[in-house]
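Structure assessment
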Amino acid sequence: MQVIISDERRIFLSFLLFGLINNILYVVILSAAIDLVGSSTPKAVVLLADIVPAFLIKVVAPFVIHLVAYKARLWCLVALSVVGMLIVSTGSGANAGSVGFTVFGICLASASAGLGEITFLSLTHFYNEKYSIGGFSTGTGAAGLLGSFVFMVMTNTLSISVRLVLILFAVVPLGFLFAYFVLLPSSIMAKDVVDYERLETTPNDSQQENVIPSTFLVEPRETNFIAHIWKTVDDIKPLVIPFMIPLCSVYISEYVINQGVSPTLLFPIEDLPKWLFSSYRDIYVVYGFLYQLGVFISRSSTIWGFRFKHLYLLSILQFANLLLTVVQSLYDLPFTSIWPLLVLIFYEGLLGGCSYVNTFMSVSEQVPIQRREFSMGCVGVSDSFGIVIAGIINMGLELKLCDLQVERGREWCRSG
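Values in this document were obtained by computation on a predicted structure and should not be read as measured data. (Residues numbered from 1 in each chain as written. Predicted model: local features only at pLDDT ≥ 70, side-chain atom pairs only at ≥ 80, totals over all residues. Heavy atoms only, no water.)

1. Brief notes about unusual backbone geometry
Across the junction of Leu333 and Pro334, the peptide omega takes the value 10 degrees, indicating a cis bond. Here Pro334 shows up in the loop between helix H13 (311–331) and helix H14 (338–366). In this model, Ser159 sits at a positive phi of 60 degrees, which is unusual for a non-glycine residue. Position of Ser159 relative to the elements: it lies in the loop between helix H6 (129–157) and helix H7 (162–169). Residue classification places Ser159 among the exposed residues on the basis of a relative accessible area of 60%. For Asp332, which is not a glycine, the phi torsion comes out positive at approximately 60 degrees. Its location among the elements puts Asp332 in the loop between H13 and H14. (Helix = DSSP H or I, 4+ residues; strand = E, 2+ residues; numbered from the N terminus. Buried < 20%, exposed > 50% of the residue type's maximum accessible area, 1.4 Å probe, protein only.)

Now the structure itself:
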């Protein structure tokens, strides 16, 4: 029996796969951070290598990305991610390569993720936002959950070597080709240039829904490159306060927690369940999984009609989580066991995912349609910028917190 999938479902599934595949390697690399650099090196090294190239691509992209067809972007990010993961796989195991070579591989995978995010977020402009943004956000959330869970099970439970796991994940980016060329509806791909003038003169949103331009090459509107740069900067300014600052601040707090504080949130291993925690390294992996579970749930929330528009409140709540975890690391209080801390990490993920999906939904609702494709791509730089700042903070924070714990006789943060 032939199964007919509606265009709405195909759009949702396509963008879900885009988000899932684009983010899963990023998550796996962070989950493997302690295996790639060891317990004595700040995990911020991996975090920065995993985010700085993506951040730089997102910064440059608004000025030049319109010159590159979507199909060309797709092939480029597939190549970057596959090669990057194969290189990263050399950074673990008995025959591990140099840390510098491993970091280079992480940088390639990161560049792919940055190009992918700005590409697919811009692409959502040409589809119903409920299915495109909802699908992409759900996919990115699922990437965190699936990536961290599979990595945890394969390494903690099944005892598969980290090297082999990373090689297996290098195949995943090929799924982009299926999602784009097979699953994504082709009815909107008829033309090669977006007719913005027609979009600008469309009288209302109900008519705009029937104006579905091609998504694959946008020609610059300014022939003078300097003028184009300044115009782009002017177009970015209105996005900073309502969208970019709150999203950035949420990500600063949560990534300081994840890579700077959580490696020091440890408890006696003999007091923990042996089926899940066989070493102090396993605690870090479980924290990552619970965080990603929270992210997945909240990033999927708009599919069920949930909306949260108070973006700055999420920033405040996430900063409160950061303060609480730092106090826990410094004084071993207020939590005397790991279980309430696991709940807090899960809640941290809920806030982060809620901020992400609701920020982009707000952009789609509040930005005029002729600037929406551009704006979706630009706002995407906010989370990366926040992670970069967090990575810089973490370079010193994790080691300082660990040193203070060692002075109190708690040397677990230096255990493998």
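2. Describing helix H4 (residues 70–88)
When the terminal C-alpha atoms of H4 are compared, their 27 Å separation across 19 residues agrees well with the 27 Å that a helix rising 1.5 Å per residue should span. Within H4, the full set of buried residues consists of Tyr70, Arg73, Leu74, Leu77, Val78, Ser81, Gly84, Met85, Ile87 and Val88. The elements touched by buried residues of H4 are helix H1 (7–31), helix H2 (33–37), helix H5 (99–123), H7, helix H8 (175–183) and helix H15 (372–379). (Expected span 1.5 Å × (residues − 1). Contact = heavy atoms within 4.5 Å.)

3. Brief notes about empty space enclosed by the protein
Applying the stated criterion across every chain yields a total of five cavities of 30 Å³ or more. Here the largest cavity defines a volume of roughly 260 Å³. What lines the largest cavity is a set of 25 residues, and nearest its centre among them are Asn23, Tyr26, Tyr255, Arg299 and Asp383. The set of elements that each furnish at least two residues to the lining of the largest cavity consists of H1, helix H3 (44–64), H5, helix H11 (225–261), helix H12 (280–299), H14 and helix H16 (381–407). When grouped by side-chain class, the residues that make up the lining of the largest cavity number eleven nonpolar, eight polar and six charged. (1 Å grid on protein atoms, 1.4 Å probe; cavity = no way out; pocket = protein on both sides within 12 Å on 5 of 7 lines; lining within 4 Å. Points joined across faces, edges and corners; volume = space filled by probe spheres on them. Nonpolar A, V, L, I, M, F, W, Y, C, P; charged D, E, K, R; others polar.)

4. Side note on the packing of H3 against H5
Two numbers describe how H3 lies on H5: the axes approach to 7 Å, and their chain directions differ by 40 degrees. Classified by the angle their axes make, H3 and H5 are oblique. Read as a crossing pair, H3 and H5 show a hand that is right-handed. Packed against H3, whose contacting residues are Val45, Val46, Ala49, Asp50, Ile51, Val52, Pro53, Ala54, Ile57, Lys58, Ala61 and Pro62, the element H5 presents Val103, Ile106, Cys107, Ser110, Ala111, Gly114, Leu115, Glu117 and Ile118 at the interface. Per-class residue counts for the contact of H3 with H5 are 16 nonpolar, two polar and three charged. (Axes fitted to C-alpha atoms, helices over the stretch in contact; angles between N-to-C directions. Parallel < 35°, antiparallel > 145°, perpendicular 65-115°, else oblique. Left-handed = near helix turned anticlockwise from the far one by under 90°.)

5. Considerations on the environment of Leu311
Its location among the elements puts Leu311 in helix H13. Spatially, the C-alpha atom of Leu311 lies 8.1 Å from that of Pro242, the residues being 69 residues apart in sequence. In this structure, Leu311 is in contact with Pro242, Phe243, Pro246, Asn358, Thr359 and Ser362, ignoring residues within four places of it in sequence.

6. Structural notes on the packing of aromatic side chains
One pass over the full model with this rule turns up 15 aromatic pairs. On the basis of an interplanar angle of 20 degrees and a centroid distance of 5.4 Å, the ring pair of Phe55 and Phe385 is categorised as stacked. Here Phe385 lies in helix H16 and Phe55 lies in helix H3, a separation of 330 residues in the sequence. The exposure class of Phe55 is buried, given its relative accessible area of 15%. Ring centres of Trp75 and Phe181 lie 6.1 Å apart, and the angle between their planes is 40 degrees; on these two criteria the pair is classed as tilted. Taken as a pair, Trp75 in helix H4 and Phe181 in helix H8 lie far apart in primary sequence, 106 residues in all. (Phe/Tyr/Trp six-rings, centres within 6.5 Å; stacked < 30°, edge-to-face > 60°.)

7. Overview of H1
Along an α-helix, residues three or four positions apart point the same way, because every turn accommodates 3.6 residues. With 25 residues, H1 ought to run about 36 Å at 1.5 Å a step, and its terminal C-alpha atoms sit 35 Å apart, in line with that. At Ile24, H1 shows its largest kink, close to 30 degrees. (Bend = angle between axes of the 7 residues up to and from the residue.)

8. Observations concerning a nonpolar patch on the surface
Taken together, Val59, Val60, Val64, Leu67, Val68, Phe225, Ile226 and Trp230 make up a surface patch of nonpolar side chains, about 740 Å² in accessible area. Every element with two or more residues in the nonpolar patch is listed here: H3 and H11. Tracing the backbone shows Val60 in helix H3. (Patch = residues over 30% accessible without salt bridge, like charges linked within 9 Å, V, L, I, M, F, W, Y side chains within 5 Å. Areas by Shrake-Rupley, 256 points an atom, 1.4 Å probe, with all protein chains shown as cover. Salt bridge = Lys/Arg side-chain N within 4 Å of Asp/Glu carboxyl O.)

9. Some words on the side chain of Gln405
Here Gln405 lies in helix H16. Taking relative accessible area as the criterion, Gln405 reaches 2% and is therefore assigned buried. Look past the residues within four positions of Gln405 in its chain and what remains in contact with it is Thr264, Ser329, Arg410 and Cys413.

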